[in-house]
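Architecture and fold: a report
Each chain is listed here by its residues.
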Amino acid sequence: MQAPVLFRPAFHLAFQAISALGLAAAFHGALAAPATPAATTTANAPANAVSYRTVNIDGVNVFYREAGPANAPTLLLLHGFPTSSQMFRNLIPQLADRYRVIAPDYPGYGQSDMPPMGEFTYSFDNLAKVIDKFTVAVGARRYALYVQDYGAPVGFRLAAAHPERVTAIIVQNGNAYDEGLDNEFWKPIKVWWTDKSAANTAKQRPILELAATKWQYTEGVRDVRRISPDAWMLDQAYLDRPGNKEIQLALLHDYGSNPPHYPAWQAYFRKHQPPMLIAWGKNDKIFPAAGAHPYLRDLPKAELHLLDTGHFALEEESATIGALMRDFLGRTLKPGM
């Protein structure tokens, strides 16, 4: 059947302009058309149906997934590198019958805008500022945080700045202690933090290529056949967009700004004692289990679960983590929180 006349030219130009991986990202974006940030529910939609929305924050369109009742306790899910809110695709439906679940893409990730380097500061301080304003824009006055990888330094900045807003924290392979960075993966990156030479920068570029993206998903899992290739192929499609790898290098270098914040975040834990569930892929080579245990020094009531999987634990343990969260949040969050 011939495509409608109005659609054919746009699709033809897009097909010529992008690679096969780029086409995957563009097609994903076409399906997830921007929507308004209003937290409305379609009458015939199931309780855990996901909506795909955008909201403008200081001129940057921030894409987010949302599901669940607008008046339920809010969960704010913050993704890691090099992925996006798509990492929560299997988790959100498990929680949305009880909670308002919101998962944004940071600028430069997923379906959010990707401003050029000269027009936006790609730093963890700035990502946290954007997500802080995002929570206000979508009416998330109080929320439980889920943080993974890059989500930890973003989320812990929010928590330390606004402790009254945070009702609970779920940590999944997200670091706040020096022990979590004391491993082979971080050694060359630490050298680069102190010496940003062209040679040291070049050594970091392989982490932005497909082999490394796939490795992050498959290393340490029990059964690689249970890990969908779509996950790493979609992430790589976003990484391969023109200009994105320079953005990722800027953020990876700025990750060196996070360890100096660790004492302040740990002081926040000790003072405010937020309820914490730690669900950690113990076979992670980036953030190994050595980074999970120290939370208990400052939060002795935290609940620690070491799972037999890798960095992106939700790929293999979504049901387990969902069940742990339902139990933990059911005991922790009250109506109105």
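Residues numbered from 1 in each chain as written. Predicted model: local features only at pLDDT ≥ 70, side-chain atom pairs only at ≥ 80, totals over all residues. Heavy atoms only, no water.

**So, the packing of aromatic side chains**
Tallying each qualifying case throughout the model produces 26 aromatic pairs. Pairing Phe-185 with Trp-186 gives two aromatic rings, centres 5.2 Å apart and planes at 80°, and the pair type is edge-to-face. Linked through ring pairs, Phe-81, Phe-124, Tyr-150, Phe-185, Trp-186, Trp-193, Trp-215, Tyr-255 and Phe-287 together constitute an aromatic cluster. (Phe/Tyr/Trp six-rings, centres within 6.5 Å; stacked < 30°, edge-to-face > 60°.)

**Some details on the packing of helix α5 (residues 151-161) against helix α11 (residues 262-272)**
The N-to-C vectors of α5 and α11 enclose an angle of 55°; their axes lie 10 Å apart at closest approach. When the interaxial angle is binned, α5 and α11 end up oblique. Handedness of the crossing formed by α5 with α11: left-handed. Contacts from Pro-153, Phe-156, Arg-157, Ala-159 and Ala-160 of α5 reach α11 at Trp-265, Tyr-268 and Phe-269. Of the residues in the contact of α5 with α11, the class split is seven nonpolar, no polar and one charged. (Axes fitted to C-alpha atoms, helices over the stretch in contact; angles between N-to-C directions. Helix = DSSP H or I, 4+ residues; strand = E, 2+ residues; numbered from the N terminus. Parallel < 35°, antiparallel > 145°, perpendicular 65-115°, else oblique. Left-handed = near helix turned anticlockwise from the far one by under 90°. Contact = heavy atoms within 4.5 Å. Nonpolar A, V, L, I, M, F, W, Y, C, P; charged D, E, K, R; others polar.)

**Quick notes on the confidence of the model for the chain**
Here the chain averages 89 in pLDDT, and 86% of its residues register 70 or above. Here residues 1-42 is a poorly scored stretch, pLDDT under 50, and it has 36 contacts once near neighbours within four places are set aside; other chains count. (pLDDT = per-residue confidence, 0-100.)

**A closer look at the sheet that holds strand β4 (residues 100-104)**
Ordered in space as β1-β2-β4-β3-β5-β6-β7-β8, the eight strands form an open sheet in which the pairing is mixed. What marks the edges here is a single partner per strand, and that holds for β1 (50-57) and β8 (303-307). This sheet shows a mean twist of 20° between the axes of neighbouring strands, independent of strand direction. Of the strand pairs in this sheet, strand β7 (residues 276-281) and β8 are connected by five bridges, and their pairing is parallel. Counted as the bridge partner of Ile-278 is Leu-304 from β8. α5 contacts β3 (74-78), β5 (143-147) and β6 (166-171) of the sheet and is inclined by roughly 155° relative to β5. (Pairing = 2+ DSSP bridges.)

**Observations concerning the pairing of strand β2 (residues 60-67)**
The buried fraction of β2 is high, at seven of eight residues. Taken together, the eight bridges between β1 and β2 define a ladder with antiparallel strand orientation. Its bridge partner being in β2, Tyr-52 is matched across the sheet by Arg-65. The hairpin turn running from β1 into β2, its antiparallel successor, is two residues long, and Asp-58 in that turn takes a positive phi close to 50°. In the sheet, β2 pairs with β4 via four bridges, with the strands oriented antiparallel. By the bridge assignment for β4, Ala-67 is matched with Val-101. (Buried < 20%, exposed > 50% of the residue type's maximum accessible area, 1.4 Å probe, protein only.)

**Some words on the nonpolar core**
The biggest cluster of nonpolar side chains holds 63 residues, and the ones touching the most others in it are Phe-156, Phe-269 and Tyr-295. If one sorts the elements of this core by residue count, helix α4 (residues 124-137) sits on top with six residues. Grouped together as the second largest cluster of nonpolar side chains are 27 residues, Ala-103, Ala-144, Ile-321 and Leu-329 included. (Core = buried A, V, L, I, M, F, W, Y, C linked by side-chain atoms within 4.5 Å.)

**Section: empty space enclosed by the protein**
By rolling a water-sized probe across the atoms, one finds the places where empty space is left. In this structure the tally under the stated criterion is three cavities of 30 Å³ or more. Volume-wise, the largest cavity comes out at about 80 Å³. If you go around the largest cavity, the residues you meet are Phe-81, Asp-149, Tyr-150, Phe-185, Trp-186, Ile-207, Gln-216, Leu-252, Ile-286 and Phe-287. Residue composition of the lining of the largest cavity, by class: eight nonpolar, one polar and one charged. If you add up the space inside the second largest cavity, you get close to 50 Å³. Lining the second largest cavity are Pro-82, Thr-83, Ser-84, Gly-108, Tyr-109, Gly-110, Asp-235, Tyr-238, Leu-239, Arg-241, Asn-244 and Gln-248. No other element matches the three residues that helix α9 (residues 229-239) contributes to the lining of the second largest cavity. (1 Å grid on protein atoms, 1.4 Å probe; cavity = no way out; pocket = protein on both sides within 12 Å on 5 of 7 lines; lining within 4 Å. Points joined across faces, edges and corners; volume = space filled by probe spheres on them.)

**Description of the packing of helix α8 (residues 210-218) against α9**
Contact geometry of α8 with α9 gives a least axis separation of 9 Å together with a crossing angle of 140°. As for the relative orientation of α8 and α9, their crossing is right-handed in sense. Contacts between α8 and α9 involve Leu-210, Thr-213, Lys-214, Tyr-217 and Thr-218 from the first element and Ala-231, Trp-232, Met-233, Asp-235, Gln-236 and Leu-239 from the second.

**Comments concerning the pattern of salt bridges**
Where charged atoms from two side chains of opposite charge come close, those side chains can pair. Using the criterion set out here, one finds 20 salt bridges in the structure. Of the charged contacts, one joins Arg-205 and Glu-246 as a salt bridge, the two residues approaching to 3.0 Å between their closest N and O atoms. With Arg-205 in the loop between α7 (198-204) and α8 and Glu-246 in helix α10 (residues 244-254), this residue pair connects regions lying 41 residues apart in the sequence. According to the relative accessible area criterion, Arg-205 is partly exposed, its value standing at 33%. A salt bridge links Glu-209 to Lys-245; the shortest N-O distance between them is 2.8 Å. Taken together, the residues span a long stretch of sequence, with Glu-209 in the loop between α7 and α8 and Lys-245 in helix α10 at a distance of 36 residues. A single network of salt bridges, built from pairs that share partners, joins Arg-53, Glu-66 and Arg-100. (Salt bridge = Lys/Arg side-chain N within 4 Å of Asp/Glu carboxyl O.)

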